[in-house]
Amino acid sequence: MSLESEAEDVLNSFKSSSERLTIASVYSFYDNYLCPNFKKVIDLEKHTVDIRLEYSREVINSMLAGKRRLGFTHHPCNYTDLISELLFTERLVLVSGKYNERLSAGINVSMIRELDFMHSSFLDRHIEELILDKVQFPLIINIGSKIIDLIRNTSYMTLLPESYAKPELEKGEFFEIPINDYEFPKLEYYCIRNKDIKKLTETEIKIIEFFKK
């Protein structure tokens, strides 16, 4: 038997004996939670893994179409055979790339409309319309984490989930601006799965339980 044939046989044997995990996830869950803890919940010697990074709507659609077995999203979905479990929430933080003594004591939420605010797209649409309706932003970006480098060392500000903001705040790269009269709704993280937990594998259950807070 040739070396190529032996290698193919080994690969086919691995594929047939390993568990295949299919996951869809929003970017922030993958960046700040799934990726840093990947080796704690998934053993690549025992699993093959197919992960797609998508927006919440696309995660839900892929779950409805039966293309993924686990979906991690900011919005619930409870259709047909699916159920959503709220895993945890996190705070949205208003940050700037430069310290501003005038703003260090905090602002009222209405003042955001008058400041150099870049839109990171983490706000729900109805909150955005309520607070930021008709504001002309200097920049809007659909993948919020990509705004981080754009505001670093500038006076621009944006809203970020605490998990994105915290490392930059600890390094002194960003500065938090308190909001004195309003608290933005917390960003929610859901796991979408089959309603019948008996249809989940041991590893899938392990992943869900690991991220529950």
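Residues numbered from 1 in each chain as written. Predicted model: local features only at pLDDT ≥ 70, side-chain atom pairs only at ≥ 80, totals over all residues. Heavy atoms only, no water.

Q: Would you mind showing me how to read the overall build of the protein here?
A: Helix and strand counts for the protein come out as 8 helices and 8 strands. Its C-alpha atoms give the protein principal-axis dimensions of roughly 75 × 40 × 30 Å. For the protein, with 213 residues in total, the buried portion stands at 44%. Taking contacts inside the protein between residues at least 6 apart in sequence as the whole, the part at least 24 apart equals 75%. A total accessible area of about 12,300 Å² is found for the protein, and carbon and sulfur atoms account for 48% of it. Of the charged side chains in the protein, 28 are positive and 34 negative; the average position of the first set lies 2 Å away from that of the second. (Helix = DSSP H or I, 4+ residues; strand = E, 2+ residues; numbered from the N terminus. Buried < 20%, exposed > 50% of the residue type's maximum accessible area, 1.4 Å probe, protein only. Contact = heavy atoms within 4.5 Å. Areas by Shrake-Rupley, 256 points an atom, 1.4 Å probe, with all protein chains shown as cover. Lys, Arg positive; Asp, Glu negative; His and termini not counted. Charge placed at Lys NZ, Arg CZ, Asp CG, Glu CD.)

Q: What should I look at first to understand helix 8 (residues 202-211) in this one?
A: Side chains that are three or four residues apart share a direction in an α-helix, a result of its 3.6 residues per turn. Within the span of helix 8, buried status applies to Thr203, Glu204, Ile207, Ile208 and Phe211. Buried residues along helix 8 cover an arc of 140° about the axis, so they all sit on one side. (Arc of directions from axis to C-beta.)

Q: Is there a simple way to explain the packing of aromatic side chains in this structure?
A: Aromatic rings considered in pairs are described by the distance between their centres and by the relative angle of their planes. What the rule picks out here adds up to 15 aromatic pairs. Ring centres 5.6 Å apart and planes at 65° place the aromatic pair tyrosine 33 and tyrosine 189 in the edge-to-face group. Residue tyrosine 33 is located in helix 2 (residues 27-34), and its partner tyrosine 189 is located in strand 8 (residues 187-194); the two are separated by 156 residues in the primary sequence. Tyrosine 33 gets classed as buried once you look at its relative accessible area, which sits at 11%. The interplanar angle of 80° and the centroid separation of 5.0 Å between the aromatic rings of phenylalanine 210 and phenylalanine 211 together place this pair among those described as edge-to-face. On the basis of relative accessibility, which here comes to 37%, the residue phenylalanine 210 falls in the partly exposed class. Cluster of aromatic residues (ring-pair linked, three or more members): Phe29, Tyr33, Phe72, Phe88, Tyr189, Phe210 and Phe211. (Phe/Tyr/Trp six-rings, centres within 6.5 Å; stacked < 30°, edge-to-face > 60°.)

Q: Is there a simple way to explain the nonpolar core in this structure?
A: The tendency in soluble globular proteins is for nonpolar side chains to be buried as a group. Counting 53 residues, the largest nonpolar core has Phe29, Leu94, Ile112, Leu160, Phe184 and Ile207 as its most contacted members. The leading source of residues in this core is strand 5 (residues 92-96), at 4 residues. If we skip the residues at most four places from it in the chain, phenylalanine 184 touches Leu92, Val109, Ile112, Leu123, Ile127, Ile131, Leu159 and Ile179. In this structure, Met63, Cys77, Leu82 and Ile192 belong to the second largest nonpolar core, which totals 5 residues. (Core = buried A, V, L, I, M, F, W, Y, C linked by side-chain atoms within 4.5 Å.)

Q: What is the right way to look at the pairing of strand 5 in this model?
A: Successive side chains on a regular strand alternate, one facing one side of the sheet and the next facing the other. Burial of strand 5 is extensive: 5 of the 5 residues sit out of reach of the surface. Going residue by residue along strand 5, you find Leu92, Leu94 and Ser96 tucked away on one face and Val93 and Val95 tucked away on the opposite face as well. With 5 bridges joining them, strand 5 and strand 6 (residues 157-161) adopt antiparallel strand pairing. Its bridge partner lying in strand 6, serine 96 is registered against methionine 157. With 2 bridges joining them, strand 5 and strand 7 (residues 175-176) adopt antiparallel strand pairing. Considered in strand 7, the bridge of serine 96 is made with phenylalanine 175. (Pairing = 2+ DSSP bridges.)

Q: Is there a simple way to think about the sheet that holds strand 8 in this case?
A: Within a sheet, neighbouring strands are paired by backbone hydrogen bonds and run either parallel or antiparallel to one another. If you trace the 5 strands from one edge of the open sheet to the other, you get 2-1-3-8-4, paired in mixed fashion. The outermost strands of the open sheet, each flanked by one partner alone, are strand 2 (47-53) and strand 4 (82-90). Between one strand axis and the next, the sheet turns through 20° on average, direction left out of account. Sheet analysis places strand 1 (residues 19-25) next to strand 3 (residues 70-73), joined by 3 bridges and oriented parallel. Its bridge partner lying in strand 3, alanine 24 is registered against glycine 71. Packing of helix 4 (residues 56-64) onto the sheet brings it into contact with strand 1, strand 3, strand 4 and strand 8, and relative to strand 3 it is tilted by some 160°. Helix 8 contacts strand 1, strand 2, strand 3, strand 4 and strand 8 of the sheet and is inclined by roughly 35° relative to strand 1. (Axes fitted to C-alpha atoms, helices over the stretch in contact; angles between N-to-C directions.)

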